[in-house]
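Report on the structure
Next come the chains, spelled out residue by residue.
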Amino acid sequence: FVASLDEEGVETVADLDARLRKDLAAQAERAVREQYHNEIIDLLIAQADLDYPDVLVNREVDRIIDRESNHASHSREGLENWLKSIGRTEEEVREAFRAEADLVVRRALALGELVEQESIEVTEAQIDEEIDSLLAQMTGGNPANQQAIRGLIDTPDGRNSIKSQLLTRFAVERLEEITSQADGGESAEPRRASRRRRGGAE
């Protein structure tokens, strides 16, 4: 069975055992870090005065439904078939996802304000580096396959999406840095004074 896997660096049962243990440990570490990041983001939210319209939450509910239905919600017929398969009405599903959607919106707004207050930016070079990393993961480092896939990722929309993801990552890293300073007894004040939040419609 191990020989049939044709995995680089995996030739014996012991190799497979070591690989699985390493992968599981990495997965567990990612889960712990994600939980910790959510906790410190929620701490930031608890100290923030957020004002936002319901339309943001409704859009996030739509996005969650699209994800959970495996994109069946792209058409009315697809959405109705999915709702029928899970035995729930659209109103029930939307209400069930509303709390999750509201939390996602509040986290995004709080991190967005942190990005502004801390002057966090993403450079074109960092976007290029992230694209190269994604291509290496998707193709196993095979240059022959990277060029074709690059055309699908390295687009204006793709770069904007990656920029948004990097901004979120950098904001969380900065928040983690601030939290670590607070734990160590040092000042956790942001580098710039907080400004009054703009109106909810924005």
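Summarised in this report is the structure supplied together with it. These numbers come from a predicted model, not from an experiment.

So, about the overall build of the chain. Helices and strands together make up the secondary structure of the chain, namely eight helices and zero strands. For the chain, buried positions account for 26% of its 202 residues. Counted over contacts in the chain with a minimum sequence separation of 6, partners at least 24 positions apart contribute 66%. A total of about 14000 Å² of accessible surface is found on the chain, and carbon and sulfur atoms cover 49% of it.

Turning our attention to helix 3 (residues 54–68). Between its first and last C-alpha atoms helix 3 spans 21 Å; for 15 residues at 1.5 Å apiece the expected length is 21 Å, and the two agree. The complete set of buried residues in helix 3 reads V57, E60, V61, I64, I65 and D66. Among the structural elements, helix 4 (76–86) and helix 5 (90–117) are those in contact with the buried residues of helix 3. Positioned one or two residues after helix 3, N70 has a phi angle of 55°, which is positive.

Below, the discussion takes up the packing of helix 2 (residues 13–46) against helix 5. Helix 5 packs onto helix 2 with a crossing angle of 75° between their chain directions and a minimal axis gap of 9 Å. When the axis of helix 2 is compared with that of helix 5, the two are roughly perpendicular. Listed contacts from helix 5 to N38, I41, D42, L44 and I45 of helix 2 are L103, R106, R107, A110 and L111. For the contact of helix 2 with helix 5, the class distribution of residues is six nonpolar, one polar and three charged.

Reading the values: rules and limits
- Residues numbered from 1 in each chain as written.
- Predicted model: local features only at pLDDT ≥ 70, side-chain atom pairs only at ≥ 80, totals over all residues.
- Heavy atoms only, no water.
- Helix = DSSP H or I, 4+ residues; strand = E, 2+ residues; numbered from the N terminus.
- Buried < 20%, exposed > 50% of the residue type's maximum accessible area, 1.4 Å probe, protein only.
- Contact = heavy atoms within 4.5 Å.
- Areas by Shrake-Rupley, 256 points an atom, 1.4 Å probe, with all protein chains shown as cover.
- Expected span 1.5 Å × (residues − 1).
- Axes fitted to C-alpha atoms, helices over the stretch in contact; angles between N-to-C directions.
- Parallel < 35°, antiparallel > 145°, perpendicular 65-115°, else oblique.
- Nonpolar A, V, L, I, M, F, W, Y, C, P; charged D, E, K, R; others polar.

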